[in-house]
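Breakdown of the fold
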Amino acid sequence: MNNYSYLVGNKLYINLTNRCSNSCEFCIRNTDAFHDLDLWLSEEPSANKVIESFPDLSSVEEEVVFCGYGEPTYKLENIIKISEYLHSCGKKTRLNTNGQAELLFGGHVPKKLSGFIDTVSISLNAVDKEKYNTLCHPVMGEKAFDAIIDFAKECKKYIPRVVLSVVDVIPIEDQIKAAEIAKEIGVDFRIRHYTE
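Quick caveat: nothing in here was measured; it's all calculated off a predicted structure.

Turning our eyes to something else, we now look at the nonpolar core. Counting residues in hydrophobic clusters, the biggest one holds 50 residues, and the most contacted among them are Ile14, Phe54, Ile82, Leu113, Ile122, Leu124 and Leu164. Among the elements that make up this core, the one with the highest residue count is helix α6 (residues 143-158) (seven residues). Not counting chain neighbours up to four residues away, the residues in contact with isoleucine 14 comprise Tyr4, Ser5, Val50, Phe54, Val64, Val65, Phe66, Cys67, Gly68, Ile82 and Leu86.

Here it is in structure tokens:
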């Protein structure tokens, strides 16, 4: 069954695509299921199909997060339509992204998300392009890391809250350096815990 949306705790997550421009060593895609949910999709849903899959939104006490087995910005128009609906229901939205949207699609993605996304969480996961390529295997190669930094800077102009994050599989010294990168840009920083 296609899980277009799923609850974890008080948060609702939205699963739009299985496509991704990375193949990260630590990705949950390498497991069969996440929280006993099969998140592999047999088809990419329309915005309406996603909205129809929602539980009673009054049970969602925290934000609604665009985060599934793929990179959500492949379905940018759906993100905008669904976020517009969620805002009309009084819900906050967060986008979890690898930060490569501008490199992949161009077209001023952060500006398009303005007014629709309340928080964007960007997976930095490394402190330079060599380490990023080794850990995340981006389709776009060495361009990817710099594009992520540029994306974070651009998001800061349009999105109320921007967060750079790393997974705690990287060395402590790199976690500290990543926090310094976030501070330089002027965005928040978060360490995500690796999930088996």
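On to the packing of aromatic side chains. Going through the model one piece at a time under the given rule, you end up with five aromatic pairs. On the numbers, 6.1 Å between centres and 55° between planes, the contact of tyrosine 132 with phenylalanine 145 is tilted. Linking tyrosine 132 in helix α5 (residues 129-136) with phenylalanine 145 in helix α6, this pair joins segments that are 13 residues apart in sequence.

Once that is clear, we can look at the sheet that holds strand β6 (residues 161-167). The seven strands lie next to each other as β1-β2-β3-β4-β5-β6-β7, forming an open sheet whose pairing is mixed. The strands lining the two open edges of the sheet, one partner per strand, are β1 (5-8) and β7 (188-192). Geometrically, the sheet is characterised by an average inter-axis angle of 25° between neighbouring strands, direction not taken into account. Relative to strand β5 (residues 119-123), strand β4 (residues 93-97) is paired through four bridges, and the arrangement is parallel. Following the sheet pairing, asparagine 96 is matched in β5 by serine 121. Along the sheet, α6 makes contact with β4, β5 and β6, crossing β5 at roughly 170°.

Rules of the game
- Residues numbered from 1 in each chain as written.
- Predicted model: local features only at pLDDT ≥ 70, side-chain atom pairs only at ≥ 80, totals over all residues.
- Heavy atoms only, no water.
- Core = buried A, V, L, I, M, F, W, Y, C linked by side-chain atoms within 4.5 Å.
- Buried < 20%, exposed > 50% of the residue type's maximum accessible area, 1.4 Å probe, protein only.
- Helix = DSSP H or I, 4+ residues; strand = E, 2+ residues; numbered from the N terminus.
- Contact = heavy atoms within 4.5 Å.
- Phe/Tyr/Trp six-rings, centres within 6.5 Å; stacked < 30°, edge-to-face > 60°.
- Pairing = 2+ DSSP bridges.
- Axes fitted to C-alpha atoms, helices over the stretch in contact; angles between N-to-C directions.

Any functional reading would require information that these geometric values do not contain.
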